[in-house]
Amino acid sequence: SVYIGLRKLQELLNLKERPRLLECYDIAIWQGQSPAASQIVFEEGKADKTRYRYYHMQTRPEGNNDFAMMEEVISRRIPHGKLPDVFVVDGGVAQVNTVTAVMRQNNLDIPVVGIAKSRDLSRGDFKSKDVDRSEERLIIPGRSNPYILNKCPSLFKIIVSMRDEAHRFSRKLHHKAESKRTM
């Protein structure tokens, strides 16, 4: 059940109580244009679509910087009330560290985890068959090895669904922005 997955997350992050509210972020950039970010919200392991958000990002003069954009989106999110028990980011150690730094700057003690495929930890995007088959890992700050998600199927299901949902949602937005831009 969902509770098993959320309890596992509680244990992995040493939280006093089971996390109920999770937010997942994904940055989407296509051909360097119309960068956007999506915010996906799961409560008790289920999607709450009323709380999904899009963030339009400026195309940066220095080129698109995934980290700067992740920092921007989380900084923009924080003032908008009720924060999650855990932030989930699509990416590896560097993305997690970026968001953890934003938490520190805002004096927030909210854990941040990342989800990355094993071949994709550095985000050197290689599109081989290996990546599709390689295992999903949960990146946990302060832990030298990622947690292999398929060890806990219910946590796997929650985290991977959030990430896939974040991708789907940012794509939808992106296509809207692109068609407007190319008209």
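Up top you'll find the structure we're talking about.
What you see is a predicted model, and the numbers here were worked out from it, not measured in a lab. (Residues numbered from 1 in each chain as written. Predicted model: local features only at pLDDT ≥ 70, side-chain atom pairs only at ≥ 80, totals over all residues. Heavy atoms only, no water.)

## Quick look at unusual backbone geometry
Reasoning step 1: Located in the positive-phi region is Asn14, a residue other than glycine, with phi close to 55°.
Reasoning step 2: Residue placement: Asn14 occurs in the loop between α1 (2-12) and β1 (21-30). (Helix = DSSP H or I, 4+ residues; strand = E, 2+ residues; numbered from the N terminus.)

## Some thoughts on helix α3 (residues 93-105)
Reasoning step 1: Look at α3: 18 Å from first C-alpha to last across 13 residues, which is about the 18 Å you get at 1.5 Å a residue.
Reasoning step 2: Residues of α3 that are buried: Gln95, Val96, Thr98, Val99, Thr100, Val102 and Met103.
Reasoning step 3: In this structure, the buried side of α3 is in contact with α2 (66-77), β5 (86-90), β6 (112-117) and β7 (136-139).
Reasoning step 4: Looking at the residues trailing α3, positive phi occurs at Asn107, about 50°. (Expected span 1.5 Å × (residues − 1). Buried < 20%, exposed > 50% of the residue type's maximum accessible area, 1.4 Å probe, protein only. Contact = heavy atoms within 4.5 Å.)

## A look at the pairing of β6
In summary, the side chains of a regular strand alternate between the two faces of the sheet.
Reasoning step 1: Within β6, 6 of the 6 residues are buried, which leaves it mostly tucked inside the rest of the structure.
Reasoning step 2: On β6, burial covers both faces: Val112, Gly114 and Ala116 on one face and Val113, Ile115 and Lys117 on the other are all buried.
Reasoning step 3: When β5 meets β6, the two strands line up parallel, connected through 4 bridges. Looking at β6, one finds that Val88 is bridged to Val113. (Pairing = 2+ DSSP bridges.)

## Considerations on the side chain of Thr98
Reasoning step 1: Assignment of secondary structure puts Thr98 in helix α3.
Reasoning step 2: Classification of Thr98 as buried rests on a relative accessible area of 13%.
Reasoning step 3: Within polar-contact distance, the side chain of Thr98 engages the backbone oxygen of Ala94 at 2.8 Å.
Reasoning step 4: If we ignore the near neighbours within four places in the chain, the residues touching Thr98 are Phe67, Met70 and Glu71. (Polar contact = N/O pair within 3.5 Å; in protein donor to acceptor, adjacent residues only side chain to side chain.)

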